[in-house]
Amino acid sequence: MHFDLDAGQRELQSALTRFCHDLFPVAVARESGEKGLDRGLWRRLADMGVFALALPDSDGGAGLTVVEQVLAFEVLGAGLVPGPIVGSTLAAGLVEGASTGDVVVAAVTATDGPVLVPGLRDADWLLVLHDDRVELVEAAGIHGDLVSRPLDPTSPLTRLDAIPSGEVLLLGAASDALCRTASLLTSAALLGIARRTTELATDYAKTREQYGRTIGSFQAIKHMLADMLALAEVASASVHAAGVMLADTSAEAERAVAGARVLAGKAALHNAATNVQIHGGMGFTWELDAHLYLKRARLLSVSHGNVDAAAETVATQLRGALQ
Amino acid sequence: MELKDSEADAQFRKELRVWLADVVPSLPSPPDPRDRWASRRFDETWQRLQYDAGYAGIAWPKAHGGRGATPTEHLIFLEELARADAPDVGCGFVGQGHAGPTLIAEGSDEQRAEHLPGILDGTKVWCQGFSEPGAGSDLAGLRTRAVRDGDEYVVTGQKIWTSFAQVADYCELLVRTDPDAPKHKGITWLILPMSSPGIEVRELVTLQGEAEFAETYLDEVRVPVANRVGEENDGWRVAMVTLSFERGTAFVPEMLESLRLVEDLARLSERLRRGRGPAWEDAGIRRELGTVAAELDALWALTKRNVTRGESGTVPIVGGSSFKLYYADVRHRLGDLAMRVLDQAGLVLEDLPDLTVGRHVEGSLHAFAVSIAAGSSQVQRNILAERVLGLPKER
Ligand SMILES: Cc1cc2nc3c(=O)[nH]c(=O)nc-3n(C[C@H](O)[C@H](O)[C@H](O)COP(=O)(O)OP(=O)(O)OC[C@H]3O[C@@H](n4cnc5c(N)ncnc54)[C@H](O)[C@@H]3O)c2cc1C
């Protein structure tokens, strides 16, 4: 057992963090929401290898596993990187041009209720994840209305009348595996938000002064920050463990992936909300980025699963293991 | 990053399982925990069995009579014990978890030779005399006085919350040897034989209705200077060494036990009815079962991460306090959930015919011990905020 990042994995995260810092400041996410995805930047993201991490070397990939994908998505989530990053990663190796960024692939998990697809506006293809299969639909053929006020202004949202149908790409175990990866990469992005908002709130608490002292010296604020840290730490162990178990195709992978959503969803929602609170009136403005983390967390927390359903899955697995 | 057993670890686990499958069913049934002496005998029997099988002092170095297991093997050991429903360490907790490791790190050769064997084979029981009525979270404010008289210290004062004091042979005692020095600089760590004249132990009954801890009054108790661990007035540093063991893996066994509790609660929720159907069919209850199980799984993963980091030499302080804080919170929610599942069956601290509910009700009360002892949740938050996030100190 060696349950910690190795040197290569640390390097992957720090290189990607620098890359996001340089090329994807939050202003880019804002602009992407308003004006559309910058395809040039999207290709740069592809050139960094993020979509192709788990593809074999022979297909132009890095030959790594879902563990490295998880670590990458933690960074992308923290950076609020715009565009359908989960869809394009899932599509690498399945849809021509996805891994190189030449085509953009969005993904949606079919659920009951209104059909709202993030990222479809900017996509060439749509992956539809069903319980038992994965279908591929050409975006140009899908009729929908762009939502004028999406909750997350950095993620364009298209409303469809129904789940579109297309060519069946995967069935059975391969389809299940893809759905689990979709869920876990989304949880990894949530983890990134939980971590980033802890840093942002801590930084602000160290500089903002009231009553003649920094607000970070008030125990009420300190304890909020400590809770954020603990939530993020425990969620990180959960998400990383799920990555390892998924890579090992362990029998407990399903429970672990669902558990990761419970932990990362909870941590991201709580920490993003607390970050707004700690910023006071500034936190309530459009100008400050704090609301963007909260809104992205809300979007991701109901993408490819949600916390309640994940908790049910863990409970069902728990009972199954007893029989 | 990997979670699988190495070949050697798998072999260790296999042998351990074989041994546990053999030994656990042969144990006598545990006595009523309110009977401290019967509990002590039971704990000693269990420790002796581990000793004879070569598992005592699992993580202690071989040179000091331990098994010298790697931290990973230590975790496997704890995991398999929980899996086999083996007894917990009981009144061996302070000796094995605190005093022994402290003596190994800071004691003299004579002290080690005298005390380690009895801790390992379970014949000697230790207690911890750190807290005082006026010094709890602020432990360094302790006032129990020790005055040097030749080659003895004369100790007068009062300790409180001393677990196992009634049955202990020795006490790891913190005393003030220099009342004029700044509070962290005048403390000394002593080995106190509990048979010394001048000690009075008064049992305190916990809210669980048992006398787990006691008040310990010390009236001119004479302790040889040879019983001092570390230098005079350097006891705070030694105490921090002691507590670092507590913050390491001390809560891991009961965290694993909590996973067993959730599993058992899931089983019970199928048998206990809620309105028209079993409690299991109540989505609110099912989700909370899943949530708590997921959180305990996550804490287990965090433990593995902390142990990995410990193996590479970095002190897992973030992991330690994050673990303790989060675990205390989960433990409270597990208790609340148990009470919801049990409904009126949660009104008894003992088992009902056909329904083993006692440990869940006990567990819901035990949650408070977790969030108060060994650094309360508020203190853990202070540690995380100040030492990890770098926020300004209180004072
Ligand atoms: C089951 C059990 C077993 C124990 N066994 C032992 C033992 O064997 N030996 C031993 O020496 N001790 C033992 N203890 C004592 C334990 O270490 C203390 O109870 C603990 O350190 C808290 O101290 P206190 O009880 O004096 O509470 P206090 O320190 O008085 O705390 C009271 C309340 O104030 C809060 N508080 C205190 N300081 C701060 C702060 N700076 N900021 C915010 N909030 C604060 C606390 O969180 C708590 O809610 C045991 C305790 C329990 C519950």
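What you see is a predicted model, and the numbers here were worked out from it, not measured in a lab.

Draft legend 1. Main features of the overall build of chain A. Across its full length, chain A holds 11 helices and nine strands. Computed over C-alpha atoms, the radius of gyration of chain A comes to 19 Å, within 12% of the 20 Å expected from 2.2 N^0.38 for 323 residues, which places it in the range of a compact globule. Across its three principal axes, chain A shows a C-alpha extent of roughly 65 × 50 × 40 Å. Sequence separation of 24 or more characterises 69% of the internal contacts of chain A that already satisfy a separation of 6 or more. Roughly 13100 Å² of accessible area belongs to chain A as shown, and the carbon and sulfur atoms make up 52% of that amount. Here chain A contributes 25 positively and 38 negatively charged side chains, and the mean placements of these two sets differ by 9 Å.

Draft legend 2. The arrangement of the overall build of chain B in detail. Assigned secondary structure in chain B consists of 11 helices and 10 strands. For 395 residues, the compact-globule formula gives about 21 Å, and the C-alpha radius of gyration of chain B, at 22 Å, lands near that figure. In terms of principal-axis extent, the alpha carbons of chain B reach across some 75 × 45 × 45 Å. Each of the 395 residues in chain B was classed as buried or not, and the buried ones make up 55%.

Draft legend 3. Spatial organisation of the sheet that holds strand 5 (residues 144-146) of chain A. All names here are of chain A. Here three strands make up an open sheet; going across it, the order is 2-6-5 and the pairing antiparallel. Since the sheet does not close on itself, it has two edges, and those belong to strand 2 (115-118) and strand 5, each with one partner. Each strand axis lies, on average, 30° off the axis of its neighbour in the sheet, ignoring direction. Inspection of the sheet shows strand 5 paired to strand 6 (residues 157-160) by three bridges, in the antiparallel sense. Counted as the bridge partner of Asp-145 is Arg-159 from strand 6.

Draft legend 4. Layout of the pairing of strand 3 (residues 125-129) of chain A. All names here are of chain A. Counting buried residues along strand 3, four of its five residues qualify, which places the element largely inside the surrounding structure. The pairing of strand 1 (residues 105-109) with strand 3 spans five bridges and is classified as parallel. Among the inter-strand pairings, Ala-107 is bridged to a residue of strand 3, identified as Leu-127. Counting the residues between successive antiparallel strands, the hairpin from strand 3 to strand 4 (residues 133-138) contains three residues.

Draft legend 5. Region of interest: empty space enclosed by the protein. All names here are of chain B. Within this structure, the stated rule accounts for three cavities of 30 Å³ or more. Volume-wise, the largest cavity comes out at about 110 Å³. Taken together, 17 residues line the largest cavity, and the ones lying closest to its centre are Asp-43, Gln-47, Gly-92, Gln-96 and Gly-122. At six residues, helix 2 (residues 36-52) tops the list of elements feeding residues into the lining of the largest cavity. By residue class, the composition of the lining of the largest cavity is six nonpolar, six polar and five charged.

Draft legend 6. Layout of the environment of Thr-214 of chain A. As for its position among the elements, Thr-214 of chain A is in strand 9 (residues 213-214). Classification of Thr-214 of chain A by relative accessible area gives buried; the value is 17%. Spatially, the C-alpha atom of Thr-214 of chain A lies 9.1 Å from that of Tyr-204 of chain A, the residues being 10 residues apart in sequence. Look past the residues within four positions of Thr-214 of chain A in its chain and what remains in contact with it is Ala-205, Lys-206, Thr-207, Arg-208 and Glu-209 of chain A together with Pro-392 of chain B.

Draft legend 7. The arrangement of helix 8 (residues 283-311) of chain B in detail. Compared with an ideal rise of 1.5 Å per residue, which puts 29 residues at 42 Å, helix 8 of chain B spans 42 Å between its outermost C-alpha atoms and is within 8% of the ideal. At the N-terminal boundary of helix 8 of chain B, the capping side chain belongs to Asp-282 of chain B, with an oxygen 2.8 Å from the backbone nitrogen of Gly-284 of chain B.

Draft legend 8. Region of interest: the domain arrangement of chain B. Residue and element names in this part refer to chain B. As far as domains go, chain B holds domain 1 (7-88), domain 2 (126-234) and domain 3 (247-388). A straight line from the C-alpha centre of domain 1 to that of domain 2 covers 30 Å. Among the residues of domain 1 in contact with domain 2, Arg-34, Arg-36 and Arg-40 are the three that bury the most area, contributing 79% of the side total. Counting across the domain 1 and domain 2 interface gives one salt bridge. Among the salt bridges present, the one from Arg-40 reaches Asp-169, with a minimum N-O distance of 3.1 Å.

Draft legend 9. Summary view of the packing of aromatic side chains. Residues and elements named next belong to chain B. For the coordinates displayed, the defined rule picks out 11 aromatic pairs over all chains. Residues Trp-19 and Trp-46 carry aromatic rings whose centres are separated by 5.9 Å and whose planes lie at 15° to one another, so their mutual orientation is stacked. Here Trp-19, found in helix 1 (residues 7-23), pairs with Trp-46, found in helix 2; they are 27 residues apart in sequence, far enough to count as distant. Among the aromatic residues, ring-to-ring pairing joins Phe-12, Trp-19, Trp-46, Tyr-55 and Phe-77 into one connected group. When the ring centre of Tyr-153 is taken as reference, the NZ or CZ atom of Arg-148 above it lies at 5.7 Å.

Draft legend 10. Spotlight on the sheet that holds strand 1 of chain A. Residue and element names in this part refer to chain A. Reading across from one edge, 1-3-4-7 is the order of the four strands in this open sheet, with mixed pairing throughout. What marks the edges here is a single partner per strand, and that holds for strand 1 and strand 7 (167-171). Here the strands of the sheet are splayed against their neighbours by 25° on average, with no regard to which way each runs. By the bridge criterion, five bridges tie strand 3 to strand 4 in an arrangement that is antiparallel. Considered in strand 4, the bridge of Leu-129 is made with Val-134. Packing of helix 6 (residues 172-207) onto the sheet brings it into contact with strand 3, strand 4 and strand 7, and relative to strand 7 it is tilted by some 90°.

Draft legend 11. Expanded view of the confidence of the model for chain B. Looking at chain B as a whole, its pLDDT mean stands at 94, while 97% of the residues score no less than 70. Scoring the predicted complex yields pTM 0.96 and, for the interface, ipTM 0.96.

Draft legend 12. Summary view of the nonpolar core. Leu-45, Leu-76 and Leu-127 of chain A together with Leu-20, Leu-296 and Leu-299 of chain B are the most contacted members of the largest nonpolar core, which totals 161 residues. Shared between two domains, this core takes at least three residues from each, and those domains are domain 1 (7-88) and domain 3 (247-388) of chain B. In contact with Leu-20 of chain B, not counting residues within four places along its chain, are Pro-25, Trp-46, Glu-80, Leu-81, Ala-84 and Ala-86 of chain B. The next biggest cluster of nonpolar side chains, apart from the first, holds 47 residues, and it includes Ala-99, Ile-119, Val-167 and Trp-189 of chain B.

Conventions we followed
- Every chain is numbered on its own, with residues counted from 1 as its sequence reads.
- Chain letters start at A and ligand numbers start at 1, both assigned in the order the entries are written.
- Confidence filtering applies because this is a predicted model: local features only for residues at pLDDT of at least 70, side-chain atom pairs given and counted only at 80 or more, and all residues used for totals across whole chains, interfaces and linings.
- Hydrogen atoms and water are omitted, and side-chain values are computed over all heavy atoms in the structure.
- Secondary structure elements follow DSSP: runs of H or I of four or more residues count as helices, runs of E of two or more count as strands, with numbering from the N terminus.
- Only C-alpha atoms enter the radius of gyration, while the globule expectation follows 2.2 Å times N to the 0.38, with N the number of residues.
- Residues count as neighbours in contact if any of their non-hydrogen atoms are within 4.5 Å of one another.
- For the area figures, the Shrake-Rupley method with a 1.4 Å probe applies, and any residue is considered shielded solely by the protein chains shown.
- Residues counted as positive are Lys and Arg, residues counted as negative are Asp and Glu, and His and the chain ends are not counted.
- In plain terms, the charge of a residue is placed at NZ if it is Lys, CZ if Arg, CG if Asp and CD if Glu.
- Exposed residues in this analysis have more than 50% of their type's maximum accessible area, buried residues have under 20%, and partly exposed residues fall in between, with area computed by a 1.4 Å probe over protein chains only.
- Here, strands pair whenever DSSP counts at least two bridges between them.
- The axes used here are C-alpha line fits, helices contributing only the stretch in contact, and every angle between their N-to-C directions lies in the interval 0 to 180 degrees.
- In this analysis the probe radius is 1.4 Å and the grid spacing 1 Å, with only protein atoms considered; a cavity is a set of points the probe fits into but cannot get out of, a pocket is an open set with protein on both sides within 12 Å along at least five of seven lines, and lining residues have an atom within 4 Å of a point.
- Grid points are joined across faces, edges and corners, and a volume is the space filled by probe spheres set on the points.
- Residue polarity is assigned by list, with Asp, Glu, Lys and Arg as charged and Ala, Val, Leu, Ile, Met, Phe, Trp, Tyr, Cys and Pro as nonpolar; anything else, Gly included, falls into the polar class.
- Each helix should span, by expectation, one fewer than its residue count multiplied by 1.5 Å.
- In the analysis that follows, any N or O atom pair within 3.5 Å is treated as a polar contact, provided that within protein one partner can donate a hydrogen and the other can accept it, and provided that, for residues neighboring in sequence, both atoms belong to side chains.
- Domain boundaries shown here were taken from an automatic or database domain assignment.
- When two parts are brought into contact, each loses some accessible area as probed by a 1.4 Å sphere; the total of that loss over both is the buried area.
- The term salt bridge refers to a side-chain nitrogen of Lys or Arg lying within 4 Å of a carboxyl oxygen of Asp or Glu.
- In this analysis, rings of Phe, Tyr and Trp, with Trp reduced to its six-membered ring, are considered paired at centre separations within 6.5 Å, and the interplanar angle assigns stacked below 30 degrees, edge-to-face beyond 60, and tilted for intermediate values.
- Placement of a positive charge over a ring is assigned whenever Lys NZ or Arg CZ falls within 6 Å of the ring centre and within 35 degrees of the normal to the ring plane.
- One number per residue, pLDDT, summarises how confident the predictor is, and it ranges from 0 to 100.
- Put simply, buried Ala, Val, Leu, Ile, Met, Phe, Trp, Tyr and Cys residues joined by side-chain atoms within 4.5 Å make one nonpolar core.

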